[in-house]
Amino acid sequence: MNVLFLCTGNSCRSILGEATFNHLAPDGWHAMSAGSKPTGQVHPRSLALLDREGMSTEGYYSKSWDNLPATPDIVITVCASAAGEACPAYLGPVMRTHWGVEDPAHATGTDEEIDAAFMTAYRILRKRIEAFLALPLETLKHDKAALKAELDKIGHLA
C-alpha cells in the first residue's frame, strides 16, 4: 500500500510524514510525499530533525505531485486548514484523509522557538503515524470504509 503525504510546498510536514512513516512502517507499506506547489527544497530544519531522531534523510527532496514514483492508495493532507491554508485536493480515485498540522516553516522567533515548532509538527505526525500503524492493517485494507473512518479519527489526535 502506498501512502502519499501531501501539502502545498513539500518542504516540511509532508517530508516529516514520509520519512517517519517509512522508518516505522511494516513491509508492504510505503510512504511518499509531494506538494501541489513544491518549494524545490527540503527545509534544512526538517532534515536536521530527522537526523537527530535517527532517521535516514537520504533521497528526500521537494517534488510535485505530478512526479510521483507510484500511484497512492491513501492520500493524507497535512496542511493546516484551521489557519486558512488552502489544502490541495488530490485528483484521482483514492482514499483521502486530512491530518492538519501547523507549518513550522512559518515559525518565527528565536532558533529555539523555531526548532520547537518543527518538533511539535514532528511529534503530532509521529503520534498519528504510530496510531495508523497500530491499526489492524491486514484486516482494514480489505474494508475501505472502516479504514477511512479510522484514519479520519486519527487526524484529530493532538
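Now for a description of the structure that goes with this document. Values in this document were obtained by computation on a predicted structure and should not be read as measured data. (Residues numbered from 1 in each chain as written. Predicted model: local features only at pLDDT ≥ 70, side-chain atom pairs only at ≥ 80, totals over all residues. Heavy atoms only, no water.)

**Here's the deal with the side chain of Ser-46**
Right, so step 1: Within the secondary structure layout, Ser-46 lies in helix α2 (residues 44-52).
Right, so step 2: Taking the relative accessible area as the measure of exposure, Ser-46 reaches 0% and is therefore buried.
Right, so step 3: Here the side chain of Ser-46 touches Ser-11 through a polar contact of 3.4 Å, landing on its backbone oxygen.
Right, so step 4: Ignoring any residue separated from it by four or fewer positions in sequence, one finds Ser-46 in contact with Ser-11, Cys-12, Leu-16 and Phe-118. (Helix = DSSP H or I, 4+ residues; strand = E, 2+ residues; numbered from the N terminus. Buried < 20%, exposed > 50% of the residue type's maximum accessible area, 1.4 Å probe, protein only. Polar contact = N/O pair within 3.5 Å; in protein donor to acceptor, adjacent residues only side chain to side chain. Contact = heavy atoms within 4.5 Å.)

**Details of the state of the cysteines**
In a disulfide, the sulfur atoms of two cysteines are held together by a covalent bond.
Right, so step 1: Scanning all chains against the criterion turns up zero disulfides.
Right, so step 2: The structure places no disulfide on Cys-7, whose sulfur is separated from the nearest cysteine sulfur, that of Cys-79, by 7.6 Å.
Right, so step 3: Cys-12 carries a free sulfur, and the closest cysteine sulfur to it, the one in Cys-7, is 7.8 Å from it.
Right, so step 4: Judged by relative accessible area, which is 2%, Cys-12 ranks as buried. (Disulfide = S-S within 2.5 Å.)

**Digging into the pairing of strand β2 (residues 30-35)**
Right, so step 1: Of all the six residues making up β2, five are buried; the element is thus mostly covered by neighbouring parts of the structure.
Right, so step 2: As paired elements, strand β1 (residues 2-7) and β2 share six bridges and run parallel to each other. Considered in β2, the bridge of Leu-6 is made with Ala-34.
Right, so step 3: On the question of chirality, the crossover connecting β1 to the parallel β2 by way of helix α1 (residues 13-24) is right-handed. (Pairing = 2+ DSSP bridges. Right-handed = clockwise from strand over helix to strand, strands pointing away.)

**Quick word on the packing of aromatic side chains**
By convention here, two paired aromatic rings are described through the distance between centres and the angle between planes.
Right, so step 1: The tally for this structure, following the rule as stated, stands at five aromatic pairs.
Right, so step 2: Measuring from centroid to centroid gives 5.6 Å for Trp-29 and Phe-132, while their planes differ by 85°, and the two rings are edge-to-face. Of this pair, Trp-29 sits in the loop between α1 and β2 while Phe-132 sits in helix α3 (residues 111-133), placing them 103 residues apart in sequence.
Right, so step 3: The exposure class of Trp-29 is buried, given its relative accessible area of 7%. (Phe/Tyr/Trp six-rings, centres within 6.5 Å; stacked < 30°, edge-to-face > 60°.)

**Concerning the pattern of salt bridges**
Right, so step 1: Across all of its chains, the model carries eight salt bridges by this definition.
Right, so step 2: Here Asp-111 makes a salt bridge to Arg-45, at a shortest N to O gap of 3.0 Å. Taken together, the positions of Asp-111 in helix α3 and Arg-45 in helix α2 put the pair 66 residues apart, joining distant regions of the chain.
Right, so step 3: Look at Arg-45 and you get partly exposed, because its relative accessible area is 23%.
Right, so step 4: Here Lys-153 makes a salt bridge to Glu-150, at a shortest N to O gap of 3.3 Å. Here the residue Lys-153 and the residue Glu-150 both occupy positions in helix α5 (residues 144-154), the gap between them amounting to three residues, near one helical turn.
Right, so step 5: Taken together, the shared-partner salt bridges connect Arg-45, Asp-111 and Asp-115 into one network. (Salt bridge = Lys/Arg side-chain N within 4 Å of Asp/Glu carboxyl O.)

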